[in-house]
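Here's the letter readout for the chains.
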Amino acid sequence: IGFSFTQTSLEMADLGRARANARLPPEVNRIIFVKNLPFKITAEEMYDIFGKYGAIRQIRMGNTPATVGKAFVIYEDIFDAKNAVDHLSGFNVCGRYIIVLYHQPGRTKKVDMKKKEENLAALKKKYQL
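Residues numbered from 1 in each chain as written. Predicted model: local features only at pLDDT ≥ 70, side-chain atom pairs only at ≥ 80, totals over all residues. Heavy atoms only, no water.

1. Quick notes on the overall build of the protein chain
- When helices and strands are counted, the protein chain shows 4 helices and 6 strands.
- Listed N to C, the secondary structure of the protein chain is α-β-α-β-β-α-β-β-β-α in terms of helices and strands.
- A burial count over the protein chain gives 21% of its 129 residues as buried.
- Contacts in the protein chain between residues at least 24 apart in sequence constitute 63% of all its contacts with a sequence separation of at least 6.
- When the accessible surface of the protein chain is summed, it comes to about 10000 Å², and 56% of that surface belongs to carbon and sulfur atoms. (Helix = DSSP H or I, 4+ residues; strand = E, 2+ residues; numbered from the N terminus. Buried < 20%, exposed > 50% of the residue type's maximum accessible area, 1.4 Å probe, protein only. Contact = heavy atoms within 4.5 Å. Areas by Shrake-Rupley, 256 points an atom, 1.4 Å probe, with all protein chains shown as cover.)

Here it is, written out as structure tokens:
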């Protein structure tokens, strides 16, 4: 007259509750930034490597000379992204050790091109170039 739970299902329920109540550092994000990738890596290989840690929403790979070897991996769940960063940072992919970081949108530098051009013009005038 009742329900019978196996130990594993109770452990899974506890894990789900612990995961829901876990406090993550503020830099933890669903979006991770990957550097030092082999230039010839394919999207399929990226999904194979990063998909082992959870469901992936999107992978954006660099395709210009300045961005090749870099990618953004967007996970469905923040805990999957944390797991991937914890396990894949320093992972060897085709002889290259990849760098896996949380994406920090506020930390990117904003370059004031007008100010840079003014500084360049002042330097050119100063040194008579």
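Moving on from the model shown.
2. Description of the sheet that holds strand β2 (residues 56-61)
- Strand order in the open sheet made by the 4 strands is β2-β3-β1-β6, with antiparallel pairing throughout. The open sheet is flanked by β2 and β6 (99-102), the only strands paired with a single partner. On average, each strand axis in the sheet is tilted by 20° relative to the strand beside it, whichever way the strands run.
- Where β2 lies against strand β3 (residues 71-75), 5 bridges are found, and the strand directions are antiparallel. (Pairing = 2+ DSSP bridges. Axes fitted to C-alpha atoms, helices over the stretch in contact; angles between N-to-C directions.)

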